[in-house]
Structure formats: structure tokens, C-alpha cells
4 protein chains.
Amino acid sequence: MNITLKQAQAIIEKAKAKALEIDTKMNISVVDAGANQVAFVRMDGAWLGSADIALKKAKTARFFDMPSGEIGKLAQPGGSLYNIEHSNGGLISFPGGIPLKNKDGDIIGAIGVSGSSVENDHTVAKAGTEAL
Amino acid sequence: MNITLKQAQAIIEKAKAKALEIDTKMNISVVDAGANQVAFVRMDGAWLGSADIALKKAKTARFFDMPSGEIGKLAQPGGSLYNIEHSNGGLISFPGGIPLKNKDGDIIGAIGVSGSSVENDHTVAKAGTEAL
Amino acid sequence: MNITLKQAQAIIEKAKAKALEIDTKMNISVVDAGANQVAFVRMDGAWLGSADIALKKAKTARFFDMPSGEIGKLAQPGGSLYNIEHSNGGLISFPGGIPLKNKDGDIIGAIGVSGSSVENDHTVAKAGTEAL
Amino acid sequence: MNITLKQAQAIIEKAKAKALEIDTKMNISVVDAGANQVAFVRMDGAWLGSADIALKKAKTARFFDMPSGEIGKLAQPGGSLYNIEHSNGGLISFPGGIPLKNKDGDIIGAIGVSGSSVENDHTVAKAGTEAL
């Protein structure tokens, strides 16, 4: 019940294809069930600062088994999880991180994408999940 | 005037029983009067990211001798303690952390719980305090 | 193929019993297959600074699937892994960390013990592994 | 004069082929001329703790434009760079990191490999450099 490198690379290739299709340059990270990074790519010309964000989005999605943006909704000022980002060495709580499930529905890891608008980041991450 | 491991484990067992009763999966941490961790458990299937949050809630409760959620009320934008979470290597200022007192009312440590809604986290932490 | 809380607690109890038997006060940490902490106890009067060391020993043992002391042999001045301790947010490379295996031989986590001589730390960790 | 993702992926594939050939499981990282990670893979079953080491070897090789092991020779007790590993958020100064040059001899990045003996790590890193 853990992701393989082959799966992670297929997910990244699918995400990258979507990134090209919508004319964006992305950092794409995949972590395993233990929230440890399995594979990563930064597309040519993509933001340098988005590498760490992609990884933190993937970790955030696996840490709480939900899309990173869901955490963000609860982490706003006045929200129940305000400033949760200070935990775990830094979370990223806006969209672009999505848990990865096998065909039995078990969570086997997560993908994190960063490099464009959060809508585009989420779209590319979503495309990646479809490789499973 | 410091918590013992035996007390900490009794607190955790009581908290865990409450967590099971309300059908949640929790990370539960107990710190001593010096804000150093005494005991910790992560229930099977509980969020990985909640381990650090449970510890930070317990530390926050002992650092300021009040429930972590009380700090959060003052830490909102415009509030008197805005962004206090940046101190002490990261605070967590939403509910789930509660100081622990002996029968004389001395603070001997704190409990921190994370893994569900903040209401549930607080409920489970509260149950833990009743073991004293 | 991951450790359960029940297993982790049995391991800790067994290790604690050994610590009492040899008249030591220990910090005992158990991590899962993803190197994330599952359970921890600090015995009354045990060194405060050993909590982090126990966790780092457990992580080191799982990070490299061998006892932490084996890493230390290679990490001496002039050795092939000199100063490896600077990686992964800090390793501990002296004895007291041991991988945990299930009956099929799969590594399902690791135990880390700190609070006495490294020989005693290793002895207590070894006792813990026998709970599986 | 900077590495492309296509080049980084070719380097990683070549390194991975060598890792399989010599029956090892590696973490492989490629950084660019700015010492920022471009691509990374962890082979199935490779040590979890070697991901950070692979990245730090690649960074070390690019930070000083020489193989990571050359730094290590100077970083021994009494050596001119003793404990240089404390800089830059942690260096790794044993073999497995090698600068990457284009056909004009310009350094365009570095590769870092970790997961076996340092000799094997270096061999796999060297194989990766031959993809350029």
C-alpha cells in the first residue's frame, strides 16, 4: 500500500503533459504514504521558489489526507485551523496538493504542484492523479 | 509538582478511550511542567501531520498556562497577540491543548490532541485531563 | 506492513521493563515504516535531552535500515560516511536505534532509546524488539 | 549555460540503469547551476534517509565545483575545512556528488547519489554524468 517509483513517474509525466497543454511551467512533487518524497521535476523556466512549495503541498495533502486547499479554507483568519501552517516544519495550505489513492481507495501518497495560479496548480495535480 | 509518566499514560488512555467513543483517530501528546514531552501516541490511521500539532498544542498550553484556543482568540489579525505562532519554534493556537493541574491547582504539564475537528480535539483533551 | 500502535506500546513496555531491570531511566521512541513517530515515553527522572536523541536514533535506524551504531562506525573521522549526521535534520549515529521487523522479515519501523550508556541504550532497545 | 529538465532526466535514467546493473537501490538528485533541484527519484526500497543526502551531495558538488568527496578530504579533523558541513544548511562531504559540465566545459549543475557504499554511490553518479 505504498506508491512505486514507476507510478510516481507516470503521475509526473501526466501532470507535466497537462502543464504543457495549458501553457504553464510547473514544479511537480510526489510523496509516498509516509510523506517522504519519491520523485520530483522542475520544468525548464519554472519558478525556483515553487520546488519547496510543491513538496510542502504534497506533504500537506498526505499529512491530513485531503487536498491542500481544503486545509486552507479552515486556516483563514477566524477559521478553526488558523495558522496551522506553522506546524510540521511549514505547511502550504492553498490548492495544488492532492492525495493519491490506489484502486482499493487506500491512500498511497500525494502529489503537489506549484508554478502558476492555484487553479492551474490544482488542475495539473488533478491530471497527475489520473495516471493511477 | 511535575507530572509522572504514570499520570501521563493514564491521561493518554483516558483521552484515547474518548477518541474511540466519538469515533475519531487522534494524536495525543503530554508535556511536563517544563514543556518537555513525557508521552505520545498516534492512533492507527490518525493523520501523520497531527503528531507535531498535538505536541505544539500541549507546549502552547503550558507555555502560557491556558488552553491553546485562548491564545488563538488573541492571535487573530488585529488582535493583541497577532502572529504569536512565530515564536518558540512554532505555536499552534487553536483548540486541543489544555494545561494539566494537580489537586492543589498547580500546573504540572499539559495535554495536546489533534486529529479531527478542533471541537473533537478539545473534547478528547478535556477527557484526558479528567484522569488526574 | 506498518507497525500498529498496539505493537509499538508492547515494544515500549518491554523496553521499559528492561530499563527498570538494569536500573536506568530511559526515553523510548518508536517510529513507523515511514519514519514517523508512533509512540514515545520518558521515564520519570530520565534526561530531558534524550527525548530528541531517542527519536533521532529511531529515525536513523529506519532511514538506513540498520542499527544506529552501525552508521556511527562508518561516520568516524576518516570513515566513509564522516559527518553524515548533518543530513535529514540531524541524525544520531551511536547505539540505541534498531529497526523493527515483522515475522516475514519486513521492516515495519524502528525503536530508539536514550538515557544511559550507549551499551545500556542498545540493550534496552534490543529488549523492545523482542516484543514483536 | 544551465541544465535542462530533459538533460537531468537523461542523467537520472543513465544513473538508474547503472544502479540496477550493480544491484543497488539509489536516491538520485540533479541540481542546476544555481544549486536548485531540477529532478529527483528514489528507487523502490532505497533508504529513506538517502534522499536528503543525495540532494546535499549534489548541492555540495555545485557549491564548490568539485566532487563532494574532495571536500571531505579537506574537512577531516585538523584539515583546512574542518566541519565545513555546518554551512549551507548542512553539506555532505563524502563521495557521490559530481559537477555536471556541458561540452564546452561549463558547469551546468551537479548530480548526487546515495543508497549504497560511497564507492557505489560515486560509480552511479559518474555513470549519470556520461549522459551529457
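As annotated in an unreviewed UniProt entry, chain A carries the name Heme-binding protein and is attributed to Subsaximicrobium wynnwilliamsii.

Moving on to the sheet that holds strand β4 (residues 107-114) of chain D. Strand order in the open sheet formed by 8 strands is β3(A)-β4(A)-β1(A)-β2(A)-β2(D)-β1(D)-β4(D)-β3(D), and the pairing between neighbours is antiparallel. Of all strands in the sheet, those with a lone pairing partner are β3 (97-101) of chain A together with β3 (97-101) of chain D, marking the two edges. Strand-to-strand twist in this sheet, taken as the mean axis angle between neighbours without regard to direction, amounts to 20°. Across 3 bridges, strand β2 (residues 37-42) of chain A lies against strand β2 (residues 37-42) of chain D in antiparallel orientation. When the sheet's bridge partners are listed, Val41(A) is paired in β2(D) with Ala39(D). Each of β3 and β4 of chain D is contacted by helix α4 (residues 118-129) of chain D, which is oriented at about 145° to β4(D), the strand it contacts most.

This part takes up the packing of helix α1 (residues 5-21) of chain A against helix α4 (residues 118-129) of chain A. Residue and element names in this part refer to chain A. Closest axis-to-axis distance for the α1/α4 pair is 7 Å, and the angle between their directions is 140°. Taken together, the axes of α1 and α4 are oblique relative to one another. Considering only the axes of α1 and α4, their crossing is right-handed. Of the residues in α4, those in contact with Ile11, Lys14, Ala15, Lys18 and Ala19 of α1 are Thr123, Val124, Ala127 and Gly128. In the contact of α1 with α4, the residues fall into 5 nonpolar, 2 polar and 2 charged.

Residue and element names in this part refer to chain B. Structurally, Val30 can be placed in strand β1 (residues 27-32). Residue classification places Val30 among the buried residues on the basis of a relative accessible area of 0%. Sequence spacing of Val30 and Ile11 is 19 residues, and the spatial spacing of their C-alpha atoms is 8.1 Å. With near-sequence residues (within four places) excluded, Val30 lies in contact with Ile3, Ala8, Ile11, Ile12, Asn36, Gln37, Val38, Ala39, Leu100, Ala110 and Ile111.

Strands sit in the order β3(B)-β4(B)-β1(B)-β2(B)-β2(C)-β1(C)-β4(C)-β3(C) across an open sheet of 8 strands; the sheet is antiparallel. Two strands close off the open sheet at either side, each with one partner strand: β3 (97-101) of chain B together with β3 (97-101) of chain C. This sheet shows a mean twist of 20° between the axes of neighbouring strands, independent of strand direction. Where β1(B) and strand β2 (residues 37-42) of chain B come together, 5 bridges link them in antiparallel fashion.

Residue and element names in this part refer to chain B. Spanning 15 residues, helix α2 (residues 50-64) covers 21 Å between terminal C-alpha atoms, matching the ideal 21 Å at 1.5 Å per step. Of all 15 residues in α2, 12 are buried; the element is thus mostly enclosed. Residues of α2 that are buried include every one of Ser50, Ala51, Asp52, Ile53, Ala54, Leu55, Lys56, Lys57, Ala58, Thr60, Ala61 and Arg62, and no others.

Basis of the calculations
- Residues numbered from 1 in each chain as written.
- Chains lettered and ligands numbered in written order.
- Predicted model: local features only at pLDDT ≥ 70, side-chain atom pairs only at ≥ 80, totals over all residues.
- Heavy atoms only, no water.
- Pairing = 2+ DSSP bridges.
- Helix = DSSP H or I, 4+ residues; strand = E, 2+ residues; numbered from the N terminus.
- Axes fitted to C-alpha atoms, helices over the stretch in contact; angles between N-to-C directions.
- Contact = heavy atoms within 4.5 Å.
- Parallel < 35°, antiparallel > 145°, perpendicular 65-115°, else oblique.
- Left-handed = near helix turned anticlockwise from the far one by under 90°.
- Nonpolar A, V, L, I, M, F, W, Y, C, P; charged D, E, K, R; others polar.
- Buried < 20%, exposed > 50% of the residue type's maximum accessible area, 1.4 Å probe, protein only.
- Expected span 1.5 Å × (residues − 1).

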